[in-house]
Amino acid sequence: RTMQFNFAKATILFLLTLFVQYFSVIFADYCQACGGTCNDGLYHPCNCFSCSCTFGILCQTCDPGFYCNDGRNKFACGAGRYCPGGCGGGGCAVCPAGSYCPSATTATPVACPAGSYCPVGATSATTCPAGSYCPASAASPSACPPGKTSVAGGISSSSCYDCAAGYYCTSGGTALGCAVGKSSSTGASTCFTCTPGTFCTGSSAVQNCAVGQSSTAGASSCSACTIPGTYCPGGTAVLNCPAGQTTVAGGSSCSTCAAGKYCSGGTASQNCVAGKSSNNGASVCYDCIGGQSSIAGSPTCSRCPTGSYCPGGVAKVSCPLGKMSLNSSLSVADCFDCPAGKTTLQLGDLSCSLCPVGFTCAGGAAASPCPAGQSSAVGSTSCGVCPSGFYCPGGAPIACPAGMTSNPNAASVSSCFACSAGLYCSGGSLSPCPPGSTSSMSAKTASDCFACPAGSYCPGGQPAITCPSGFA
C-alpha cells in the first residue's frame, strides 16, 4: 500500500507539473510570480496571494481610457487623447481630427457635431465661425465662397448666403461695410466707386441723386445742378441739353430756346447778333434779308428804318451825316442828300432837320459852324453878324454874363463889357431902367434900378442928369 500511495503521489505531482507548464504558457502575460511585473499594456490591481493566480499576481489588460507602461499601474490618458483598452508604453492615441476627447479617460472619441469643428487633439467642439460652415465630423471650417457669408454655427454650404448690398465678403470672411463713396451689389466680394449721379454714405446700397441734383464719382452726397445749358434728371451725371434747348441755371429738364436766341447744346442761350434772328428751338441764327435788319436778340427781322441802309445779315448802317434814305434801303447808294438849310444832326436820324443856330447847311453834308464873330439863324445856308449882347466863338451865339453886354461881331467873352448906368443886362439883352429911375454900371436885373436922386432927372435908360441951375 505504501508503494501504491507513493506511486499515486508521484503521478499527481507529474500531472500537476504538466498542468502548470501548460497553463504557464497560456497565462504567461497574466500570472506572474510574487514580486514580478506585468507585461506592457497590463497591470495588477492586487497583491500576492490575494488574486486568483496561485502563489502569484494576476495581470489585467489596461482599462479603456488608461495606459499601462510600468508593469504595475494604470495612468489616465488625459484630455485630448483616448485608449479603447490595452494601451502600453506607446501611451494613448491623440484624438483624431473631426472628433474630440473631452475627459482624461476617454475610451472612444466623440464625433464633432455639425456646426462645429474639431482639429487633432481637440478636447471640445469649437463653434464654426461666421463666414464658414462645418458639417458633422469637420476637422476645420470650410470657407463660404467669395460674395457669401454665414452666421456662426453654419452646418453646410446652404448656410452661406449672399453678402448684402453695400457690403463685401471675401472667402471665409464676415461681411465688411464698403467705405464712404463706395458700394456693392448683392453677393459682391469687392466694392466699386459710386458713379456720377449717385451717392454712397458707406455700408449702404447705391442711392440715386434726386431730380435736379447730381454728383461726381465717389461722392457721399449730391448737389444742385447750376450750370446753364445742363440738366440733371436724377441718378445720372450732369447732362448737356441738346442743340436747340437750354436751361437758365441747371435744373431737372431743358426748355426750348426762345426766338431771337440760339442754343448750341450744353450752353446758356445766346442772343442772335444784330442783323440776324431765329425761330423757337434754334441752334443757329439766320441772316435778315437785304432791306431788313434786327437788334440783338430780336425774334424777327424788320424793314430797314429811314436814315439807314441794310445790306442783309448785319446790323443797320447809318447814312452819312447830311443824307437820308427811305425805308428798306439796301446800300449807301440809296442814301440821298438833305436839302439846303437842312441836315441830319446825328447818325441814324430818321429825317432831315433844320440847320441849327450858329451853323450853315449847304445840303448833303454835315452842319458847318460859323466862324468866330459870326452866327446864323435856324435853317441857314450862310453866316451873318454875331448879335450884340452875345459873343460867337464859332457856332451858336453865347450870351454875355449877367451885367455885361457886347457890340456886334464879338468873338469871345473878353469882348463883353459892363452894362452902362441906367441900363440892366441879362441873357444877352440890354434893357433901360424906367423913367424916374436909373442904375449903376453892371446892373443885372430891373431890381437893380433905383429912384432918380434929388437934384437930378432921369428920362429912363440913362444915367441921372443934374438939373440946370434954378431947377430942382
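Quantities reported herein were computed from a predicted structural model and do not represent experimental measurements. (Residues numbered from 1 in each chain as written. Predicted model: local features only at pLDDT ≥ 70, side-chain atom pairs only at ≥ 80, totals over all residues. Heavy atoms only, no water.)

Trainee: Any chance you could explain the overall build of the protein chain here in plain terms?
Mentor: Counting its secondary structure elements, the protein chain contains one helix and 54 strands. Residues counted as buried form 32% of the 472 residues belonging to the protein chain. In the protein chain, of all internal contacts separated by at least 6 residues, the share reaching a separation of at least 24 is 28%. (Helix = DSSP H or I, 4+ residues; strand = E, 2+ residues; numbered from the N terminus. Buried < 20%, exposed > 50% of the residue type's maximum accessible area, 1.4 Å probe, protein only. Contact = heavy atoms within 4.5 Å.)

Trainee: Please explain unusual backbone geometry as it appears in this structure.
Mentor: Most peptide bonds are trans, and most residues other than glycine sit at a negative phi. At Ser328, a position not held by glycine, the phi torsion is positive, near 65 degrees. Here Ser328 shows up in the loop between β37 (323–324) and β38 (336–337). Backbone geometry at Asn409 places phi at a positive 70 degrees, although glycine is not the residue there. Mapping Asn409 onto the fold places it in the loop between β47 (404–405) and β48 (417–418). Using a relative accessible area of 42% as the deciding quantity, one classes Asn409 as partly exposed.

Trainee: Just checking my understanding: could you explain the state of the cysteines for this structure?
Mentor: Note: disulfide means a covalent bond formed between the sulfur atoms of two cysteine side chains. As enumerated under the stated definition, the model contains 27 disulfides in all. Paired by a disulfide, Cys241 and Cys254 hold their sulfur atoms 2.0 Å apart. Disulfide Cys241-Cys254: the torsion about the S-S bond is -90 degrees, which places it as left-handed. Here Cys241 is found in the loop between β26 (239–240) and β27 (245–246), whereas its partner Cys254 is found in the loop between β27 and β28 (255–256), with 13 residues between them in sequence. (Disulfide = S-S within 2.5 Å.)

Trainee: Can you help me understand the side chain of Thr306 in this one?
Mentor: Locating Thr306 in the fold gives a position in the loop between β34 (302–303) and β35 (308–309). A distance of 2.7 Å separates a polar atom in the side chain of Thr306 from the backbone oxygen of Leu350. What Thr306 contacts, discounting residues up to four positions off in sequence, is Met324, Ser325, Leu326, Asn327, Gly348, Asp349 and Leu350. (Polar contact = N/O pair within 3.5 Å; in protein donor to acceptor, adjacent residues only side chain to side chain.)

Trainee: Just checking my understanding: could you explain the pairing of strand β49 (residues 423–426) for this structure?
Mentor: One face of the sheet, then the other: side chains in a regular strand alternate in exactly this way. Relative to strand β50 (residues 429–432), β49 runs antiparallel, the two sharing four bridges. Considered in β50, the bridge of Cys425 is made with Leu430. Taken together, β49 and the strand that follows it, β50, pair antiparallel across an intervening segment of two residues, in which Gly427 is found at a positive phi of about 65 degrees. (Pairing = 2+ DSSP bridges.)

Trainee: Which parts of the structure should I look at to understand the confidence of the model for the protein chain?
Mentor: Reading predicted coordinates in detail is not appropriate for stretches of low pLDDT. With 89% of its residues at a pLDDT of 70 or more, the protein chain shows a mean pLDDT of 88. Predicted confidence for residues 16–30 stays below pLDDT 50, and this span has 11 contacts to residues more than four positions away or in other chains. (pLDDT = per-residue confidence, 0-100.)

Trainee: Mind showing me how you'd approach the packing of aromatic side chains here?
Mentor: Each pair of aromatic rings is reported with the distance of its centres and the angle of its planes. Counted by the stated rule, this structure contains one aromatic pair. For the pair Tyr67 and Phe75, a centre-to-centre distance of 5.5 Å together with 35 degrees between the ring planes defines the contact as tilted. Relative accessible area serves as the criterion here: at 23%, Tyr67 is assigned to the partly exposed category. What makes Phe75 partly exposed here is its relative accessible area of 33%. Over the ring of Phe66 we find Lys74, and its NZ or CZ is 4.6 Å from the ring centre. (Phe/Tyr/Trp six-rings, centres within 6.5 Å; stacked < 30°, edge-to-face > 60°. Lys NZ or Arg CZ within 6 Å of the ring centre and 35° of its normal.)

Trainee: What am I meant to see in the side chain of Ser204 here?
Mentor: On the secondary structure map, Ser204 appears in the loop between β21 (198–199) and β22 (207–208). Ser204 sits in the buried class, given a relative accessible area of 15%. The residues contacting Ser204, other than those within four sequence positions of it, are Ala165, Gly166 and Ser183.

Trainee: How do you make sense of the pattern of salt bridges when you look at a structure like this?
Mentor: Should the charged atoms of two oppositely charged side chains come close, the side chains can pair. What the rule picks out here adds up to four salt bridges. For Asp162, the salt bridge is made with Lys148, and the minimal N-O distance between the two is 2.8 Å. With a gap of 14 residues between them, Asp162 in strand β16 (residues 161–162) and Lys148 in strand β15 (residues 148–149) connect regions that are remote in the sequence. For Lys148, a relative accessible area of 28% puts it in the partly exposed group. (Salt bridge = Lys/Arg side-chain N within 4 Å of Asp/Glu carboxyl O.)

Trainee: Whenever I open this one, the environment of Ala139 confuses me. Can you help?
Mentor: By the element assignment, Ala139 lies in the loop between β13 (132–133) and β14 (142–143). Judged by its relative accessible area of 34%, Ala139 falls in the partly exposed class. Apart from the residues within four sequence positions on either side, Ala139 is in contact with Ala97, Gly98, Tyr117, Cys118 and Pro119.

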